[in-house]
Amino acid sequence: MCDQCAGTGHAGNGRGLRRRTVLAGLGVGALAWGVAGGVRGSGTASAASLKDASWCNPARGYFPDGGHFGAPRGSYSHAGQDITNSVGTAVYAAAAGTVIARGTNVLTGRTGYGIVISHGSGYYTYYGHLNTFRVGSSATVSAGQWIADMGATGNVTGPHLHFETHAGGLGSVLDPVDFMGARGVDLGGGWSTIDPEARGETVKVIQSLITQRGTALVTDGYYGPVSVSAVKDFQSSRGLVADGQVGPVTWPELVYTLTRGADGDHVKAAQTALNKHSAGLLVDGDFGAVTDSAVRDFQSVNRLYVDGVCGPVTWAALVG
Ligand SMILES: [Zn+2]
C-alpha cells in the first residue's frame, strides 16, 4: 500500500495533500485539463464497452487489503487499484498511447516514480511506485509494452503498482477494476475476454490458434465475421456455447501447452503474444532456443514458475 495507497500510518503530511493540488503540480501546463478538478467517478466506462483486445493487464499480482479504488485515505480516497508483487515485476502499458509524464510524483502525491500515458479520447492511465523506467519520457508505446518495473518508491509499506484509470480527462478517475473489466481485462489476473469486431495483437493470437485447430485464418488482427464463425465452430465442437466470445471458458480449450521443439501456428500464436510484451521474436512458428528463452524471461518477470513451458498459466498471463 502506498500513501495515496497506504492508510497505514506511513502517509505523513501527504495525507492532507489534495488531488487537485497535485494535478496542478504536474507542470504540463499546455494540457487541456478538462475536468481536472478531480471529480471522482464522473464519466463512464461504457463509452467503449467493446471488449476490443486493445487493452491489457498492466501487471500480475494480487489486490492487497485496502488497496481498492475509493478506499478512505484521510481527507481523500484512493484514486487507483493497487496490485502487489515483488520489486522488478514487469509493468506493461495498459493500452497504446504516449507517455506524457515520467518522474517523481508526476500525477498523484507520494506515489514515487510514475508514468502517465495518454491513450487519446480523454483516456489516461497512471502507474506509480515504479522501480525502473523502461521507456522514455515522451515515448510512444503499444498495448502490452514493457514500460517499467514494479517498485516501492514513494510512500509505501511494500512494493506494488498503484494503477489509475482516467476517462473524460486527466483527473477524472474511475475504478480500474470496472474500467478494465469493461474492456475485457481481468485486473485480478484471469483470462482476457475478446468480443466480435475486436482488433489487436490478441486477435492475431486467436487467429493463429484457430488455424492450428484446423481452420486457416488470415492473421490480420481483426476479429470479423470469418474469424468469429471459425471460433463459433470451434466452440460447438467442444460443447461450448457458440457465442464467438473468447473468454475464460474458451481460452483454455483453444490454447496448446507448448515446449521447445514444437512447430506450427500455435507457436506463432505464442510468439505473437510474447511480442506484445516486448519479446521481439521472429514469428516463424519454431519453438527453438530463442523462443524458449523468451518464455522463461516472460515467466520470470511476471513471477510465474520458470520452466519454459507455455501452458495455461503462462498463456493467461500472455493474453491477459
Ligand atoms: Zn495505491
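Details of the structure are given in the entry above.
All values reported here derive from a predicted model rather than from experimental measurement.

Okay, the nonpolar core next. In terms of nonpolar packing, the biggest core is built from 42 residues, with Ile-194, Leu-209, Trp-251, Leu-258 and Trp-315 touching the most fellow members. Put simply, the parts of the chain that give this core at least two residues each are strand 4 (90–92), helix 3 (201–212), helix 4 (225–237), helix 5 (251–254), helix 6 (265–276), helix 7 (289–301) and helix 8 (312–319). Taken domain by domain, this core gets at least three of its residues from each of domain 1 (12–181) and domain 2 (201–319). Excluding anything up to four places from it in sequence, Ile-194 contacts Lys-51, Ala-53, Thr-202, Val-203, Ile-206, Tyr-223, Gly-244, Gln-245, Val-246 and Trp-251. By size, the runner-up hydrophobic cluster in this structure holds 27 residues, among which are Trp-55, Ile-115, Phe-163 and Met-180.

Following the criterion strictly, the structure yields six aromatic pairs and no others. Relative to Trp-251, the ring of Trp-191 has its centre 6.0 Å away and its plane inclined at 15°; by these criteria the two rings are stacked. Of this pair, Trp-191 sits in the loop between helix 2 (176–181) and helix 3 while Trp-251 sits in helix 5; the two residues are 60 residues apart in sequence, bridging distant segments of the chain. For Trp-251, a relative accessible area of 0% translates into the label buried. Three or more aromatic residues joined by ring pairs form one cluster here, namely Trp-55, Tyr-123 and Phe-179. A cation over a ring is seen here: Arg-183 above Trp-55, with NZ or CZ 5.6 Å from the ring centre.

About the cut-offs
- Residues numbered from 1 in each chain as written.
- Predicted model: local features only at pLDDT ≥ 70, side-chain atom pairs only at ≥ 80, totals over all residues.
- Heavy atoms only, no water.
- Core = buried A, V, L, I, M, F, W, Y, C linked by side-chain atoms within 4.5 Å.
- Buried < 20%, exposed > 50% of the residue type's maximum accessible area, 1.4 Å probe, protein only.
- Helix = DSSP H or I, 4+ residues; strand = E, 2+ residues; numbered from the N terminus.
- Domains from an automatic or database assignment.
- Contact = heavy atoms within 4.5 Å.
- Phe/Tyr/Trp six-rings, centres within 6.5 Å; stacked < 30°, edge-to-face > 60°.
- Lys NZ or Arg CZ within 6 Å of the ring centre and 35° of its normal.

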